[in-house]
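If you want the building blocks of each chain, they are given just below.
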Amino acid sequence: FAREVGAEEVGLEYLVTEEARKEFERMKEYKDAVDCNFRGKSGPNNPTPPAATSGLGHDTVGAVAVDAHGNFAAATSTGGITMKRSGRVGDSPILGAGAYAANEVGAASSTGHGESIMKVLLCYRALAGGRRAQEAVDEA
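Before going into details, it helps to say that this report is about the structure given with it. No experiment lies behind these values; they were computed from the predicted model shown. (Residues numbered from 1 in each chain as written. Predicted model: local features only at pLDDT ≥ 70, side-chain atom pairs only at ≥ 80, totals over all residues. Heavy atoms only, no water.)

Let's talk about the overall build of the protein
Across its full length, the protein holds seven helices and four strands. Walking the protein from its N terminus toward its C terminus, one meets helices and strands in the order α-α-α-α-β-β-β-β-α-α-α. Burial analysis of the protein (140 residues in total) assigns 25% to the buried set. Residue pairs in contact within the protein that sit at least 24 positions apart in sequence constitute 44% of those at least 6 positions apart. With an accessible surface of roughly 9400 Å², the protein has 53% of that area assigned to carbon and sulfur atoms. (Helix = DSSP H or I, 4+ residues; strand = E, 2+ residues; numbered from the N terminus. Buried < 20%, exposed > 50% of the residue type's maximum accessible area, 1.4 Å probe, protein only. Contact = heavy atoms within 4.5 Å. Areas by Shrake-Rupley, 256 points an atom, 1.4 Å probe, with all protein chains shown as cover.)

Overview of a nonpolar patch on the surface
Judged by side-chain polarity, Val10, Leu12, Tyr14, Leu15 and Val16 come together as a nonpolar surface patch covering roughly 560 Å² of accessible area. On the secondary structure map, Tyr14 appears in helix 1 (residues 12-15). (Patch = residues over 30% accessible without salt bridge, like charges linked within 9 Å, V, L, I, M, F, W, Y side chains within 5 Å. Salt bridge = Lys/Arg side-chain N within 4 Å of Asp/Glu carboxyl O.)

Side note on the side chain of Ser92
Mapped onto the secondary structure, Ser92 falls in the loop between strand 2 (72-77) and strand 3 (99-102). You can call Ser92 buried: its relative accessible area is 16%.

Observations regarding the pattern of salt bridges
Summed over the entire model, instances satisfying the criterion amount to two salt bridges. Between Glu9 and Arg3 there is a salt bridge, with its nearest N and O atoms 2.7 Å apart. Assigned by exposure class, Glu9 and Arg3 land together as exposed. Measuring nitrogen to oxygen at the nearest pair gives 2.5 Å for the salt bridge that ties Glu18 to Arg21. A residue pair is termed a helical-turn pair when its members lie 3 or 4 positions apart in one helix, as Glu18 and Arg21 do in helix 2 (residues 18-26) at three residues. According to the relative accessible area criterion, Glu18 is partly exposed, its value standing at 44%. The partly exposed category is assigned to Arg21, whose relative accessible area is 39%.

Some remarks on the pairing of strand 1 (residues 61-66)
Both strand 1 and strand 2 contribute to a ladder of six bridges, which runs antiparallel. Within strand 2, the residue paired with Gly62 across the bridge is Thr76. The antiparallel hairpin formed by strand 1 and strand 2 contains five residues in its connecting segment, where Gly70 sits at a positive phi of about 85°. (Pairing = 2+ DSSP bridges.)

Structure below.
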């Protein structure tokens, strides 16, 4: 489509900032990327976590809503994880993990370490039985 409308083409070097290239080099090891992005730890390839130096981080955002008719909705969008393993699917698209809504109980959206959230379907658990969110986390 871009070519059809005459949009200017640019090379990959135009789309990747120097800061992003340096972060990519620091995060060559998956474990280092997880430790740095989710645990705030330094590692052999990460003398300083990128979020600590750039202020950007890798955030997930979520929203819940109820309309005028009492219908609930939930949505979650992830910033992803640097150097994710090929084929990894995070918690955001997993019903009950990254988001959950049911008119009978409400709506929830979660952020954090996706693998941990998926194991317990955190949003579903938070709403199941009408418990408070912290109770569901403690039980999980």
